[in-house]
Amino acid sequence: MNKAVSIPSALLPALQAAEARYRDNGGSPDHPPAEAAQSLSRVWAVSRFVADNCIRDPTMLVELAASGALGSADSPAARVKQELLEVPDERMLMTRLRRVRRRELTRIAWRDIAGMAELDETLRDLSELADACIQGALTHLSRWHAERHGTARGPKGAALSLVVLGLGKLGARELNFSSDIDLIFTYPEAGGSDGERPLDNEEYFLRLGQKLVRVLDEATADGFVFRVDLRLRPFGEAGPLALSFDAMETYYQNHGREWERYALIKARPVAGDLKAGERLLQSLRPFIYRRYLDYGAFESLRDMKAMLVQEVERRGLSDNIKLGPGGIREIEFIGQVFQLIRGGREPPLRERGIVAVLGYVGEKDYLAAEEAQALLKAYTFLRRVENRLQEYADEQTHALPEDEIGRARIAFAMGYGDWTAFKADLDAERAAVHRVFQSVVVAPKAVQEESAAVWADAEAVTARLTTLGYKEPAESARLLHSLSEGTATREQGERSRRLMQALIPHMAEVAAKYGSPDETLKRLTRVVETISRRSAYLALLTENPTALEQLARVASESVWLVDMVVRSPLLLDELIDPRIFKEFPSQDSLHAELETMLAGIAPDDLEMQMDALRQFQQGAVVHVATADLAGNAPLMKVSDFLTWTAEQVIRKALEIAWKQLVKRHGRPQCIEHGRLRDARFAIVAYGKLGGWELGYGSDLDLVFLHDSRSGEQQTNGPKVLDNIEFFTRLAQRVINILSIPTTSGVLYQVDTRLRPSGVAGLIVSSLDGFAQYQEQQAWTWEHQALLRARPVAGDPEVVDAFNQVRRSVLMRERDAAKLRHDIAAMRGRMRQEQAHSSVDFDLKLDAGGLTDMEFLVQYWVLAYAHEHPQLLDWPDNIRNLEGLMACGVIPAATGSFIAETYRDFRRRVHRLTLEGRPARVPPDEAEPVRGQVQALWKEVLGEAEGALGAPR
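Keep in mind it's a predicted model, so treat the numbers as computed, not measured.

Novice: Got a minute to help me understand the overall build of the protein chain in this structure?
Specialist: Along its length, the protein chain carries 42 helices and 17 strands. Residue pairs in contact within the protein chain that sit at least 24 positions apart in sequence constitute 76% of those at least 6 positions apart.

Now the structure itself:
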């Protein structure tokens, strides 16, 4: 609420007493500084802490007002730094820190209560104050420590510093007004100090850490700076106060528990060697964030929440705005469950602050947008309540007051006229939070427990399957029993076995909702057998009913997609998203998705980059395939999407390979016309990729070109390479990135046989050599291939040069009879080589199929491009047909017939691929259009027989 509320009568006696004490101590509450005049009564009525500070030192308020610190944002760090400029000893350090802390908290509370600062400013200032105090104290203590014991050094003599990690709200820069600070002390490596009283590094940094805690935490006549909590360090209170980086990594690898992952989400270096601290956190990332979808996080967070509930009930904390139902902790749990599950794959979820995380999960629809907004609104409200409760007396409390004055105070502090109105809004906010918490964290467990109870009686399984509509219930029951009692299950840990037992009955029920339950269940079983040893994947399917429902839907329609999931269970992630069957992503969203996946990977980590590329490509293919199966993706959009995906991957593979080679060898350069310039490179796609007709599982036909020429063709780096060798290595690296298997599978099979001279030619061609070959040596079939070629990655100048060569070659006037002979002869040879014994009609290869239609279009374009250059504007068959009709080369009826038949046959090929079947149909299903295509072929090109045409 924002409307002005007069000071409640219940608060007036304390306010008047404070004003009297202020006056007695030399202050003038009746004539305060102008900057404080309008807000003094309100602030003092709400915060005894602020009033007491002003009474204790009346000049503080004058100074704050005179400096403008009350009316505008100020820098706590600058103030701390100024306060600690000259500190002679530890005693004075403690005094100065406490004095500046009191001053800054007075300023921060004043601006908050007076409505001069938004919540994010308040939390940021509190966190910045803590950072500055910790760093300021450590700077002086480190210097004094080194004067006594020397500088701590590693085995190679490098000087080392203590690294202070802040966790919890400090790590997230969300510190509340009277918060403890959760710290971990660590240092880069073992060794010892070099002073007159040397210590080994463990003892050296232990003593330094102890001094830092005392300076910050010890209560003196001036109070304390921050209460320090070190219990989140490895081994807790029983562990060493400071550990080396190696010891930290070993601990988390061997002993780290789930709650410690939760704690480290917000970890941030706050003092000492910050760069070293970031390196440590980077090395701990695999512990915090799993590379796979970690739905096991649900169970661990539920356990944590259960213990929290017990504590709340035991201590009667139901009205605790942090720990009680619908409190701040539940909001954090909701955000952090998504971070733990998905953070390994989505860098935006590694943000430490909960506001950014909730915004992202709402944007991605992991939570409904209205749920995310409700959580953000409640979070702001509850954090403001938290600060106002603590600003009263600088106490770490989250309990709502029970006395009349306390209730009047918090209602007034929040802008309400009375307790009843405030409590109604507070209850509404907490109820909204708890509803989301129940649906996200609690409800999935209730579903699996209910399902398991229904299937507890093994003898009733066959009868139950019969009721569900299974045609072979006994066989399906045997399959389920084998999954439940098989070797893989027996070898699982207790947690995995428990998850499997919960999942099996739900599998049978879900499979029954789709066509052919028996076959769908078999396919589901293949997936579950594959993931059975990974409890995180089992948890994914048991915790998220939507994932299992959508997996069953896919399994019922596509064995090809099931095979993909079996090879790469990470794809289960894609099936969780309910939008996958409805929405079709754009080219821009594809690009953003890939950039997001690669954003958190070190530039030199090729293995992780390759894994990310594979996960991106596989996820994109699953997305388009499911939309295709659901009938929400027209053929041309499917091909466009598959083509866009491949282009994104190729461009990124080239970028990765280029950066690696340039780092080692420098940029390739050459001297042309007396001037030194960079040599350039591009990748050209042929075939289905070049023609915007990529299908499921299509290979990539690629040609690599460079424009290096003339003199001094070599790189300019430390390890010089000839440009030809550089570009050859570059092409080979791109091919390796695209085609070498990793733990995430293979991206694409790459075919480079369409390069000049085929397998006998160099893997990379110069533009000059390519142009000469196409003009003087290329066969007709190579010009047919060139029709479907277009650059997909690389330097724009090489792209433009290739397009000019292509256009020049293909616009050449040709002998029509010779052209017909060459094309027909090539087609005849293909039929001989691709002959099959099946009685079914091959939609691609048989006479009257897709290849015949492609050859017809290529003949017409090659025959008439010299008269109609616009026929070369596009490399795909459909737009070629549109151009041929527009130019009058073929009748509209002919072009429309071929275009419609071509689309229909390709659509069937896509669907058969998804079903795991060859691209063949019974002959009668292709008639009469197949016969019409054959007749058109004979009319235009004659019989397909003879040898290959001669070079042209």
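Novice: How do you make sense of the packing of aromatic side chains when you look at a structure like this?
Specialist: Each aromatic ring pair is characterised by the separation of its centres together with the angle its planes make. Following the criterion strictly, the structure yields 22 aromatic pairs and no others. On the basis of an interplanar angle of 15 degrees and a centroid distance of 6.3 Å, the ring pair of F338 and Y366 is categorised as stacked. Separated by 28 residues along the polypeptide, F338 in helix 15 (residues 328-342) and Y366 in the loop between helix 16 (354-363) and helix 17 (369-393) bring together distant segments of the chain. F338 sits in the buried class, given a relative accessible area of 9%. Their ring planes at 65 degrees and their centres at 5.7 Å tell us that Y416 and F422 sit as a pair that is edge-to-face. When its relative accessible area of 0% is taken as the criterion, F422 is described as buried. Through successive ring pairs, a cluster of aromatic residues spans W658, F681, F704, F726 and F727. Over the aromatic face of Y392 sits the side chain of R409, whose NZ or CZ is 3.6 Å from the ring centroid.

Novice: So what exactly am I meant to see when it comes to the side chain of E121 here?
Specialist: In this fold, E121 is placed in helix 8 (residues 119-149). The contacts of E121, once residues within four sequence positions are left out, are A73, R111 and M116.

Novice: Teacher, can you tell me more about the side chain of T643 here?
Specialist: With respect to the helices and strands, the residue T643 is situated in helix 31 (residues 635-665). By relative accessible area, T643 is classed as buried at 0%. Apart from residues no more than four positions distant in its own chain, T643 is found in contact with L689, W692, E693, L694 and R790.

Novice: Where do I start with helix 31 in this structure?
Specialist: Every α-helical turn comprises 3.6 residues, leaving residues that sit three or four positions apart pointing alike. Its 31 residues place the ends of helix 31 44 Å apart at the C-alpha level, agreeing with the 45 Å of an ideal helix rising 1.5 Å per residue. Two residues or fewer past helix 31, G666 is found with a positive phi of approximately 85 degrees.

Novice: Help me understand the environment of E346, please; the structure alone is not making it clear to me.
Specialist: Structurally, E346 can be placed in the loop between helix 15 and helix 16. You can call E346 buried: its relative accessible area is 7%. The spatial distance from the C-alpha of E346 to the C-alpha of Y289 is 9.7 Å, given a sequence separation of 57 residues. The residues contacting E346, other than those within four sequence positions of it, are Y360, K364 and Y366.

Novice: Can you walk me through the nonpolar core in this structure?
Specialist: In summary, soluble globular proteins display a tendency toward joint burial of nonpolar side chains. Formed by 96 residues in total, the largest nonpolar core has its most connected members in L541, L572 and I683. For this core, the leading source of residues is helix 31, giving 12 residues. Excluding residues within four positions of it along the chain, L541 makes contact with L503, V528, I531, A547, L548, L551 and L572. A130, L162, F177 and V270 belong to the second largest nonpolar core, which has 72 residues in total.

Novice: Would you mind showing me how to read the pairing of strand 2 (residues 163-167) here?
Specialist: Within strand 2, 5 of the 5 residues are buried, which leaves it mostly tucked inside the rest of the structure. Side-chain alternation along strand 2 places V163, L165 and L167 on one buried face and V164 and G166 on a second face that is also buried. Bridging between strand 2 and strand 7 (residues 268-272) involves 4 bridges; their strand directions are antiparallel. Looking at strand 7, one finds that V164 is bridged to A271.

Novice: Would you mind showing me how to read the environment of F205 here?
Specialist: Among the structural elements, F205 can be located in helix 10 (residues 201-217). In the structure, F205 is positioned 43 residues away from L162 in sequence and 6.5 Å away in space, judged by C-alpha atoms. Residue contacts for F205: discarding those within four places in its chain leaves A152, L160, S161, L162, Y187 and A242.

Novice: Explanation requested: the pattern of salt bridges in the structure shown.
Specialist: Should their charged atoms come close, side chains of opposite charge can pair. In the structure shown here, the tally under the stated rule is 64 salt bridges. Among the ionic pairs, R56 bridges to D222, the shortest N-O distance being 3.3 Å. Within this pair, whereas R56 is found in helix 4 (residues 48-56), its partner D222 is found in the loop between helix 10 and strand 5 (228-229), the two being separated by 166 residues in sequence. One salt bridge in this structure joins R231 and D229, with 2.7 Å as the shortest N-O distance. Taking relative accessible area as the criterion, D229 reaches 12% and is therefore assigned buried. One continuous salt-bridge network, built from bridges that share partners, spans E672, R677, R680, D707, R709, D768, D795 and E797.

Novice: For this particular structure, what's the right way to read the state of the cysteines?
Specialist: Defined simply, a disulfide is a covalent bond joining two cysteines at their sulfur atoms. All chains considered together, the criterion is met by 0 disulfides. Considering cysteine sulfurs only, C133 is the nearest to C54, which forms no disulfide, with 19 Å between them.

Novice: What's the story with the packing of helix 30 (residues 606-629) against helix 33 (residues 723-739) in this structure? I'm lost.
Specialist: The description of two helices packed together rests on the angle between their axes and the distance between the axes. Relative to each other, helix 30 and helix 33 sit at 55 degrees, their axes nearing to 9 Å. What the angle tells us is that helix 30 and helix 33 run oblique. Along its contact with helix 30, which presents L606, M610, L613 and R614, the element helix 33 presents N736, I737, L738 and S739. For the contact of helix 30 with helix 33, a count of residues per class yields 5 nonpolar, 2 polar and 1 charged.

Novice: Looking at this structure, how should I read the sheet that holds strand 8 (residues 668-672)?
Specialist: By way of backbone hydrogen bonds, the strands of a sheet pair with one another, either parallel or antiparallel. Spatially, 3 strands are ordered 9-8-12 in an open sheet, and the strand pairing comes out antiparallel. What marks the edges here is a single partner per strand, and that holds for strand 9 (675-678) and strand 12 (711-715). Geometrically, the sheet is characterised by an average inter-axis angle of 20 degrees between neighbouring strands, direction not taken into account. Along the sheet, helix 33 contacts strand 8 and strand 12; its crossing angle with strand 8, the most-contacted strand, is approximately 140 degrees.

Novice: Explain the environment of L243 to me, please; I cannot follow it from the model alone.
Specialist: Inspection of the secondary structure puts L243 in strand 6 (residues 242-244). Note: C-alpha distance between L243 and D628 (385 residues apart in sequence) is 54 Å.

Novice: I'm lost on helix 30 in this one. Help?
Specialist: The end-to-end C-alpha distance of helix 30 is 34 Å, a good match for the 34 Å that 24 residues give at a rise of 1.5 Å each. Buried residues dominate helix 30, accounting for 21 of its 24 residues. Directly after helix 30, the chain includes G631, whose backbone phi takes a positive value near 80 degrees.

Novice: Quick question: what am I supposed to make of the pairing of strand 15 (residues 790-794) here?
Specialist: Across a regular strand the side chains alternate sides, sitting on one face of the sheet and then on the other. Extensive coverage of strand 15 is indicated by the burial of 4 of its 5 residues. One ladder, built from 4 bridges, connects strand 10 (residues 681-686) with strand 15; its direction is antiparallel. Opposite V684, over in strand 15, you have P791 as the bridge partner.

Novice: Explain unusual backbone geometry to me, please; I cannot follow it from the model alone.
Specialist: Backbone phi values are negative for most residues with the exception of glycine, while trans is the configuration of most peptide bonds. Between E927 and the following residue, P928, the backbone shows a cis peptide bond with an omega angle of 5 degrees. One can find P928 in the loop between helix 41 (923-926) and helix 42 (929-941). Phi at F235 is positive, roughly 65 degrees, even though this residue is not glycine. Counting through the fold element by element, F235 comes out in the loop between strand 5 and strand 6. Residue classification places F235 among the partly exposed positions, given a relative accessible area of 44%. In this structure, S757 is a non-glycine residue whose phi angle is positive, near 70 degrees. Relative to the assigned elements, S757 resides in the loop between strand 13 (750-751) and strand 14 (764-766). What makes S757 partly exposed here is its relative accessible area of 42%.

Novice: Mind showing me how you'd approach the packing of helix 24 (residues 517-531) against helix 26 (residues 545-557) here?
Specialist: Packing of helix 24 against helix 26 brings their axes to within 8 Å, and their N-to-C directions diverge by 120 degrees. Viewed along their axes, helix 24 and helix 26 adopt a mutual orientation that is oblique. In the packing of helix 24 onto helix 26, the handedness of the crossing is right-handed. Contacts between helix 24 and helix 26 pair T520, R523, L524 and V527 from the former with L548, L551, A552, A555, S556 and E557 from the latter. Within the contact of helix 24 with helix 26, the residues separate by chemical class into 6 nonpolar, 2 polar and 2 charged.

Novice: Even after reading the chapter, I still don't get the confidence of the model for the protein chain, so can you show me in this structure?
Specialist: Detailed reading of predicted coordinates is not advised where the pLDDT is low. Within the protein chain, residue pLDDT values average 89, and 91% of them lie at 70 or more. Here helix 22 (residues 487-490) stands out as the least confident element of the protein chain, with mean pLDDT 60; strand 10 is the most confident, with 98. When the criterion is pLDDT under 50, residues 944-952 qualifies, and its contacts beyond four places in sequence or with other chains add up to 37 contacts.

Definitions and cut-offs
Along each chain, numbering runs from 1 in the same order as the chain's sequence is written. Given that the model is predicted, a residue must reach a pLDDT of at least 70 before its local features are reported, and side-chain atom pairs must reach 80 or more before they are shown or counted; all residues, however, enter totals for whole chains, interfaces and linings. Side-chain numbers come from the whole structure's heavy atoms, not from hydrogens or water. Secondary structure elements follow DSSP: runs of H or I of four or more residues count as helices, runs of E of two or more count as strands, with numbering from the N terminus. Residue contacts are counted whenever heavy atoms from the two residues lie within 4.5 Å of one another. The pairing test for Phe, Tyr and Trp rings, Trp by its six-membered ring, is centres within 6.5 Å, and the orientation test on the planes gives stacked under 30 degrees, edge-to-face over 60, and tilted for anything in between. Exposure classes here rest on a 1.4 Å probe applied to the protein chains alone. A residue is buried below 20% of its type maximum, exposed above 50%, and partly exposed in between. A ring is considered to have a charge above it if a Lys NZ or an Arg CZ atom is located within 6 Å of its centre and within 35 degrees of its normal. One fewer than the residue count of a helix, multiplied by 1.5 Å, yields its expected span. Definition used in this section: a nonpolar core is a set of buried Ala, Val, Leu, Ile, Met, Phe, Trp, Tyr and Cys residues joined via side-chain atoms within 4.5 Å. Two strands pair under a simple rule: DSSP has to find at least two bridges between them. Any Lys or Arg side-chain nitrogen located within 4 Å of an Asp or Glu carboxyl oxygen qualifies as a salt bridge. The definition used for a disulfide is geometric: two cysteine sulfur atoms within 2.5 Å. Axes here mean lines fitted to C-alpha atoms, for a helix over just the part in contact, with angles spanning 0 to 180 degrees between N-to-C directions. Put simply, angles under 35 degrees are roughly parallel, angles over 145 are roughly antiparallel, angles from 65 to 115 are roughly perpendicular, and the rest are oblique. Residue classes follow a fixed rule: Ala, Val, Leu, Ile, Met, Phe, Trp, Tyr, Cys and Pro count as nonpolar, while Asp, Glu, Lys and Arg count as charged, and any other residue, Gly among them, counts as polar. Two helices crossing with the near one rotated counterclockwise from the far one by less than a right angle form a left-handed crossing, whereas a clockwise rotation gives a right-handed crossing. One confidence number per residue, pLDDT, is output by the predictor and ranges from 0 to 100.

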